[in-house]
There are 2 protein chains.
Amino acid sequence: MKNNVTMRDIADKLSVSSVTVSKALNDKDGVSDELKVKIKTLAEEMGYRYNALAKSIKEGLSYNIGVIIPERFAGMDHQSFYLNVYQSITRVLEEYDYYGILHILSKEDEKNLQLPRIYHEKKVDGFIILGQISKEYIEKVQSISIPKIFLDFYDENSDIDSIVTDNFNGAYEITNFLIQNGHKEIGYVGNLYSTSSIQDRYLGFYKSLLEHNLELNQNYILNDRDDNGTYIDIDIPKKMPTAFVCNCDQVAHNLVQKLTKLGLNVPEDCSVVSFDNDIYATITSPPLTTVEIDIEEMANYAVNFMLEKLKDHQKSFGRILVKGKIVYRHSVKNIKTR
Amino acid sequence: MKNNVTMRDIADKLSVSSVTVSKALNDKDGVSDELKVKIKTLAEEMGYRYNALAKSIKEGLSYNIGVIIPERFAGMDHQSFYLNVYQSITRVLEEYDYYGILHILSKEDEKNLQLPRIYHEKKVDGFIILGQISKEYIEKVQSISIPKIFLDFYDENSDIDSIVTDNFNGAYEITNFLIQNGHKEIGYVGNLYSTSSIQDRYLGFYKSLLEHNLELNQNYILNDRDDNGTYIDIDIPKKMPTAFVCNCDQVAHNLVQKLTKLGLNVPEDCSVVSFDNDIYATITSPPLTTVEIDIEEMANYAVNFMLEKLKDHQKSFGRILVKGKIVYRHSVKNIKTR
DNA sequence: CTGAAAGCGCTTACAG
DNA sequence: CTGAAAGCGCTTACAG
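Quick caveat: nothing in here was measured; it's all calculated off a predicted structure.

## Considering the overall build of chain A
And then number 1: Broken down by element type, chain A carries 14 helices and twelve strands.
And then number 2: The C-alpha atoms of chain A give a radius of gyration of 26 Å, which is well past the 20 Å a tight globule of 338 residues would have.
And then number 3: Taken over the C-alpha atoms alone, chain A extends approximately 90 × 40 × 35 Å along its principal axes.
And then number 4: With 338 residues in all, chain A has 58% of them scored as buried.
And then number 5: Taking contacts inside chain A between residues at least 6 apart in sequence as the whole, the part at least 24 apart equals 64%.
And then number 6: When the accessible surface of chain A is summed, it comes to about 15,500 Å², and 47% of that surface belongs to carbon and sulfur atoms.
And then number 7: The average position of the 39 basic charges and that of the 48 acidic charges among the side chains of chain A differ by 2 Å.

## Remarks on helix H14 (residues 295-311) of chain B
And then number 1: Look at H14 of chain B: 25 Å from first C-alpha to last across 17 residues, which is about the 24 Å you get at 1.5 Å a residue.
And then number 2: What H14 of chain B keeps buried is the set Ile295, Met298, Ala299, Ala302, Val303, Phe305, Met306, Leu307, Lys309 and Leu310 of chain B.

## A word on the packing of aromatic side chains
Residue and element names in this part refer to chain A.
And then number 1: Applying the stated criterion across every chain, the model contains 23 aromatic pairs over all chains.
And then number 2: Counting every residue linked through ring pairs, the aromatic cluster contains Tyr188, Tyr202, Phe205 and Tyr206.
And then number 3: Here arginine 201 stacks its cationic end above the ring of phenylalanine 275, 3.8 Å away from the centre of that ring.
And then number 4: One cation-aromatic arrangement involves arginine 319 over tyrosine 154; the distance from NZ or CZ to the ring centre is 3.6 Å.

## Quick notes on the pairing of strand S8 (residues 243-246) of chain A
Residues and elements named next belong to chain A.
And then number 1: The alternating pattern of S8 places Ala243 and Val245 on one face and Phe244 and Cys246 on the opposite face, and all of these are buried.
And then number 2: With four bridges connecting them, strand S6 (residues 186-189) and S8 associate as parallel partners. Bridging across to S8, valine 189 finds its partner in cysteine 246.
And then number 3: One ladder, built from three bridges, connects S8 with strand S9 (residues 271-276); its direction is parallel. Each bridged residue has a counterpart across the sheet, and for phenylalanine 244 the counterpart in S9 is valine 272.
And then number 4: The β-α-β motif built from S8, the intervening helix H12 (residues 249-261) and the parallel element S9 has right-handed crossover chirality.

## Let's talk about the relation of the copies chain A and chain B
Applying a rotation about an axis and a shift along it to one chain copy brings it onto the other copy.
And then number 1: Each copy superposes on the other: chain A lies on chain B with an RMSD of 0.1 Å after a rotation of 180 degrees and an axial shift of 0.0 Å. The transformation relating the two chain copies, once decomposed into turn and shift, fits a two-fold axis. When each C-alpha of chain A is compared by its distance to the rotation axis, isoleucine 101 of chain A comes out closest, at 2.7 Å.
And then number 2: Of the interface residues in chain A, 100% have counterparts in chain B that sit at the interface too, so the contact is made through matching surfaces.

## Observations regarding the pattern of salt bridges
All names here are of chain A.
And then number 1: One pass over the full model with this rule turns up 33 salt bridges over all chains.
And then number 2: Residue aspartate 27 pairs with lysine 36 through a salt bridge whose shortest N-O separation is 3.2 Å.
And then number 3: Residue class for aspartate 27 comes out partly exposed when judged on its relative accessible area of 46%.
And then number 4: By relative accessible area, lysine 36 is classed as buried at 18%.
And then number 5: For glutamate 185, the salt bridge goes to lysine 239, with nearest N and O atoms at 3.3 Å. Of this pair, glutamate 185 sits in the loop between helix H10 (167-180) and S6 while lysine 239 sits in the loop between strand S7 (221-222) and S8, and the two are 54 residues apart along the sequence.
And then number 6: Accessibility expressed as a relative area gives 33% for glutamate 185, which makes it partly exposed.
And then number 7: By relative accessible area, which is 52% here, lysine 239 ends up exposed.

## Notes on the pairing of strand S9 (residues 271-276) of chain B
Residue and element names in this part refer to chain B.
And then number 1: In terms of burial, S9 is a largely internal element, six of the six residues being buried.
And then number 2: Where S9 and strand S10 (residues 289-292) come together, four bridges link them in parallel fashion. By the bridge assignment, phenylalanine 275 is partnered in S10 with valine 291.

## Here's the deal with the domain arrangement of chain A
Often, the extent of an interface is quoted as the loss of accessible area on bringing the components together.
All names here are of chain A.
And then number 1: According to the domain assignment, chain A contains domain 1 (7-50), domain 2 (64-164 + 295-323) and domain 3 (167-293).
And then number 2: Interface area, domain 2 with domain 3, both sides summed: about 1,000 Å², of which 43% is carbon and sulfur.
And then number 3: For the interface between domain 2 and domain 3, the tally reads zero salt bridges.
And then number 4: The interface formed by domain 2 and domain 3 includes three residue pairs in polar contact (both at pLDDT 80 or more).

## Quick notes on the interface of chain A and chain B
And then number 1: Across the boundary between the two partners, chain A contributes 48 residues, which contact 49 residues of chain B.
And then number 2: Together, the buried faces of chain A and chain B total about 5,000 Å²; carbon and sulfur atoms form 52% of this surface.
And then number 3: Across the contact surface, chain A and chain B share four salt bridges.
And then number 4: Arginine 117 of chain B is the salt-bridge partner of aspartate 97 of chain A, the closest N and O atoms lying 3.0 Å from each other.

Analysis parameters
Along each chain, residue indices are assigned from 1 in the same order as the chain's sequence is written. Here chains are named by letter from A upward and ligands by number from 1 upward, in the order in which they appear as written. Thresholds applied to this predicted model are a pLDDT of at least 70 for local features of residues and 80 or more for the giving and counting of side-chain atom pairs; totals over whole chains, interfaces and linings are not thresholded and use all residues. The side-chain values count all of the structure's non-hydrogen atoms but skip hydrogen atoms and water molecules. Counting from the N terminus, the helices are the DSSP runs of H or I reaching at least four residues and the strands are the DSSP runs of E reaching at least two. What the globule rule says is 2.2 Å times the number of residues to the power 0.38, and the radius of gyration is computed from C-alpha atoms. In this scheme, a residue with accessible area under 20% of its type's maximum is buried, one over 50% is exposed, and one in between is partly exposed, where area comes from a 1.4 Å probe on protein chains only. In what follows, residue pairs with any heavy atoms lying within 4.5 Å of each other are defined as contacts. Computed by Shrake-Rupley with a 1.4 Å probe, the accessible areas treat only the displayed protein chains as cover when residues are assessed. A residue counts as positive if it is Lys or Arg and as negative if it is Asp or Glu; His and the chain ends are not included. Think of each charge as sitting on NZ of Lys, CZ of Arg, CG of Asp or CD of Glu. Expected helix span is computed as 1.5 Å times (number of residues minus one). Only centres within 6.5 Å qualify two rings of Phe, Tyr or Trp (six-membered ring in Trp) as a pair; their planes then separate them into stacked at under 30 degrees, edge-to-face at over 60, and tilted for everything else. In this scheme, Lys NZ or Arg CZ marks a charge over a ring once it lies within 6 Å of the ring centre and within 35 degrees of the ring normal. Only strands joined by at least two bridges in the DSSP assignment are considered to pair. Every crossover in which the path from the first strand over the helix to the second runs clockwise, viewed with the strands pointing away from the viewer, is termed right-handed. Here the copies are matched by least squares. The fit uses the C-alpha atoms of residues with pLDDT of at least 70 in both. By convention in these notes, a salt bridge is any Lys or Arg side-chain nitrogen within 4 Å of a carboxyl oxygen on Asp or Glu. Segmentation into domains, and thus their bounds, comes from an automatic or database assignment. As a working definition, buried area equals the accessible area (1.4 Å probe) given up by two parts on being put together, with both sides summed. Any pair of N or O atoms that falls within 3.5 Å is considered a polar contact. Within protein, one atom must be able to donate a hydrogen and the other to accept it, and sequence-neighbouring residues count only if both atoms are side-chain atoms.

Here it is in structure tokens:
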């Protein structure tokens, strides 16, 4: 099984031209069936491997998509979600003969507005960006002309296509669920100035409160992380609400641990719901009632939009909301007095 | 910032040849400094992007490495470890101007001995394979002539280069630690016929027992998964040992949960140690004393070996053991009677 | 149905 | 120091 076999080698052995071999191997018209079979058989015999690079250079397309994850989301802490999304993306990509190249965007590069080398070397035909990046970097990305899609975040100032979970609606619905279970004093855990996801979830939570004529108590809005995204110790208020909506499962996990340490039981003393349905949801004791994010669906959208944009660079999709779905577990107590 | 700018375009504007532009842009000899600066400036101005594909096709090298993860290790359950390794690998790869392409090996493809398309299309120069694959698939992989490296597993029959954690030694040392803490009846949790990692860890555990003249009690060897790798309910023996060595953190987590459900406290009633130091180690209550795997180091070895093999296909490294390191937490009780 | 010619964007000898 | 020629492995018109 020697390598470096080219179409020409096959052509020479059969005394035909490489054009004919190309046609045969690609099942294109213009070769007799008989010859086609002969060519394919010989190709197999000679251990021929197609060279996608040669096609790429002709077409000016690499058939690779760069997937960018900012470093701070790629660490041990957040790993599960974005890496899972990446995995789903590569899966869908493969169906279309495309491949994903993962690029972890370092903090320095983000700060210095340094585009990844895969861009400068034309190794990718487009970018899918997972997780919020700085406004400046968004602008930088906007300035380049290859197709790009934002996933799991968006930016008001830019008209880039983005795919996000319907955070607003998800938080709205899970807060409704809390209220259906008799909760009237409900808090929210999350840094409101950190990411748009956290903000939208907060707003959905707030809408539910408004609709039900419940008070928004500022003492029940708890901070969970500093402005760099590093988790901080959650400051539990003296007077407690009967339930909390957390902006993500990991924070809910932190909250439950903290509460437990203070001698408060979940859900007996305080109910907790959250968002993501990642590993933290099942690992927390009790397991969390949470909004599941449809990763497959998001990956599907991302890849399909990318493919469309590759065909027609003008194409634009705007902001797509992917619905989440509540997964009911054991972190909510019904406190309704009948 | 129009695209599709080529070296020729730059050359034409400056009335020089594309050869000169190539030399200038690559900082090679044979261009006057003056001209070089001029070329570089103009390239910048014109928004020139280097086309790595063109170089690739000349050299017959894609500058991509395929990273294969079998589907069963890529699911939610095992995600953390292999996806983290992949991430480390891409990081190191980037330093050398190489990129990683992730390929999830589906169960069907593994069964049908189907090599990934990235192989057939020459989109990668080599393969790094993460996680045990079937013997038949190993043989298939062996039959192809591009460089490959196994990571986190090995196979007796093959002389492929592999990088594995020093499972034997790690389990040996952590069992010693248990014995130092007075434990004499120690069990092991893991399917001994599942992977070589589990086997080696078991053997290291056994060696420690032998050295300390302790009995290996078959009733204390607990199965944790079926032959497909799916976790099963762990069968707790009536008569309990004072400690368990688990083959990985997740299984330790399962064990602790099971024990807790049965009213047994860790570490008061039973100590538990494990392997990996992944997310399950810190999330288990109590946090686990475990052997940390040096992912960075493994990724470093993998990439460096791959690069060497790319230069010289004959090069071979055999099996490399990467030492782990015990992380002490709170799942072990000292039961020594002084 | 078959193939000669040209080209994708670069680099590698080699010549001047 | 500079460049004409050839080639990497394929595909796309176009001609026969």
